[in-house]
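Fold and contact review
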Amino acid sequence: MSANAQRGVVLSFVVPLYNEQESLASFYRQLHAVAQKLAEPYEIIFVNDGSTDSSGEILRDLHSQDEHVRYLSLSRNFGKHEAMAAGYDVTTGQAVITLDADGQHPPEFVDQLIAKWREGFDVVYTVRTNADAATGWKRATGRLFYSAFKHISGMDLTDCGDFLLLDRKVVEALRAVHEKSRFTRGLIQWLGFNQARLPYQALPRAGGKSGYSFGKLMATAGAALCNFSTLPLRAVAGLGVAMTCLAIVYALFALVLWLFVGGSWLGNIVALLVGLTGLNIAALGVVGEYVGRTFEEARNRPLYVIRDAVGFDMDSEEIKRTVPVRRVTASASKIRFFT
Ligand code: UDP
Ligand code: MG
């Protein structure tokens, strides 16, 4: 049995972070104050997702002040969902709660998640009631994404974030899913179990700026839409058939027009050809998206690579199951992986 398990950790907090030097310390203080009041053994696991600012130094200081704090440093920026997967792999708590490090997920709300868990729910997920506070393109693309996801996958995840609690058995089930380009919320819905939904007010960022660039958001949306349904493939196939039928009808119409009215129909044919070529390329693009994902799965690279694991017991099962570990040196409270 690992040292953590022997200590009987009940609650594990998992916090993925990327360049959060402005909000990290204040977020920790809030979470620490809340965790102390819970009167349960707990651990706070930060996952540094390849930050290039001083987040790493802040984590080192937090660990030296508070033995509840442990952290993993990934070898580069892998993405929030991969960082969460790394965090889940090393948790030992009976319940695991994920929060963002920018203060948008209020730690004060954690006791309500725990209360639901104690009622017997295995998954407690939160829904932002003030999603309309988002501005500009994030709000517009968010609405579009959730509605597309609902139609394609049949799952309604509108305004659900990654601020959620999972029972140990759900964490173990999730750990068995090795899917690349992950969309964690969708995977959790897919897993099932006994799920409760809690509305909450998201807060503004405590500082710094969002680590989610337009490209990262699009990648997450792509993962969500393609990993949970093959409907886009069927939709383009259907569209192709519809277009072909339309083209036949149009050709007949143009022929009749040419025979009885006269004039040239070349311009219309060019328009038709351009339209059909566009459709072909779009259809290839959708097929390519799925082929690319199949290739990614076939390559079977690890979801993340750990550079440092600080504050963990190196003999523990949790650490042994992280990837990939080739050579390990250890000091009393710090182990280092060379990959
Ligand atoms: N994050 C991460 N890796 C990334 C991008 C973000 O670990 O590549 C973390 C980030 O530090 C924060 C959480 O994921 O703790 C949510 O990200 P962010 O606040 O940037 O997203 P937003 O709230 O703008 O959607
Ligand atoms: Mg945020």
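Structure: see above.
Residues numbered from 1 in each chain as written. Chains lettered and ligands numbered in written order. Predicted model: local features only at pLDDT ≥ 70, side-chain atom pairs only at ≥ 80, totals over all residues. Heavy atoms only, no water.

Protein-derived ligands of the magnesium ion (ligand 2) are Asp102 (OD) and Gln104 (OE1), with the metal-ligand distances lying across 2.0 Å. Accessibility expressed as a relative area gives 4% for Asp102, which makes it buried. (Donors = N, O, S within 2.8 Å, 3.2 Å for Na, K, Ca; no water. Buried < 20%, exposed > 50% of the residue type's maximum accessible area, 1.4 Å probe, protein only.)

A few words on the site of ligand 1. Around ligand 1 there are 18 residues in total, and Glu20, Asp49, Asp102, Ser210 and Gly211 lie nearest to it. Leu17 has a polar backbone atom sitting 3.4 Å from an oxygen atom of ligand 1. Within the side chain of Arg205, one N or O atom sits 3.0 Å away from an oxygen atom of ligand 1. A breakdown of the residues in the shell around ligand 1 according to their chemical character gives 5 nonpolar, 5 polar and 8 charged. (Near = heavy atom within 4 Å. Polar contact = N/O pair within 3.5 Å; in protein donor to acceptor, adjacent residues only side chain to side chain. Nonpolar A, V, L, I, M, F, W, Y, C, P; charged D, E, K, R; others polar.)

This brings us to the packing of aromatic side chains. According to the stated counting rule, one finds 8 aromatic pairs in the structure shown. On the numbers, 6.1 Å between centres and 55 degrees between planes, the contact of Phe109 with Phe163 is tilted. A residue pair is termed long-range when its members are at least 10 positions apart, and Phe109 in the loop between strand S4 (95-98) and helix H5 (110-119) and Phe163 in strand S6 (residues 160-167) qualify at 54 residues. Phe163 sits in the buried class, given a relative accessible area of 0%. Aromatic rings pair up to connect Phe145, Tyr146, Phe149 and Phe183 into one cluster. (Phe/Tyr/Trp six-rings, centres within 6.5 Å; stacked < 30°, edge-to-face > 60°. Helix = DSSP H or I, 4+ residues; strand = E, 2+ residues; numbered from the N terminus.)

Let us now look at empty space enclosed by the protein. One simple way to see leftover space: roll a probe sized like a water molecule over the atoms. Here the structure, examined in full by the defined rule, presents 1 cavity of 30 Å³ or more. Estimated volume of the largest cavity: approximately 50 Å³. Forming the boundary of the largest cavity are Val123, Tyr125, Leu157, Cys160, Gly161, Leu164, Arg185, Ile188, Gln189 and Gln195. Elements with a contribution of two residues or more to the lining of the largest cavity: strand S5 (123-128), S6 and helix H8 (184-191). Taken together, the residues of the lining of the largest cavity sort by class into 6 nonpolar, 3 polar and 1 charged. (1 Å grid on protein atoms, 1.4 Å probe; cavity = no way out; pocket = protein on both sides within 12 Å on 5 of 7 lines; lining within 4 Å. Points joined across faces, edges and corners; volume = space filled by probe spheres on them.)

This part is about the pairing of S4. Alternating residues of S4 divide into Ala95 and Ile97 and Val96 and Thr98, and every residue in both groups is buried. Of the strand pairs in this sheet, strand S1 (residues 11-17) and S4 are connected by 4 bridges, and their pairing is parallel. In the sheet register, Phe13 faces S4, and the bridge partner there is Ile97. Pairing geometry for S4 and S6, over 4 bridges, is antiparallel. Directly across from Thr98, in S6, lies its bridge partner Leu164. (Pairing = 2+ DSSP bridges.)

A pair of packed helices can be characterised by two numbers: the angle between their axes and the separation between those axes. Where helix H7 (residues 168-175) meets H8, the closest approach of the two axes is 11 Å, and the angle between their N-to-C directions is 110 degrees. What the angle tells us is that H7 and H8 run roughly perpendicular. Between H7 and H8 lies a crossing whose hand is right-handed. Counting all contacts with H7, which are made through Val170, Ala173 and Leu174, the residues of H8 involved are Thr184, Leu187, Ile188 and Leu191. Looking at the contact of H7 with H8 residue by residue, the class counts come to 6 nonpolar, 1 polar and no charged. (Axes fitted to C-alpha atoms, helices over the stretch in contact; angles between N-to-C directions. Parallel < 35°, antiparallel > 145°, perpendicular 65-115°, else oblique. Left-handed = near helix turned anticlockwise from the far one by under 90°. Contact = heavy atoms within 4.5 Å.)

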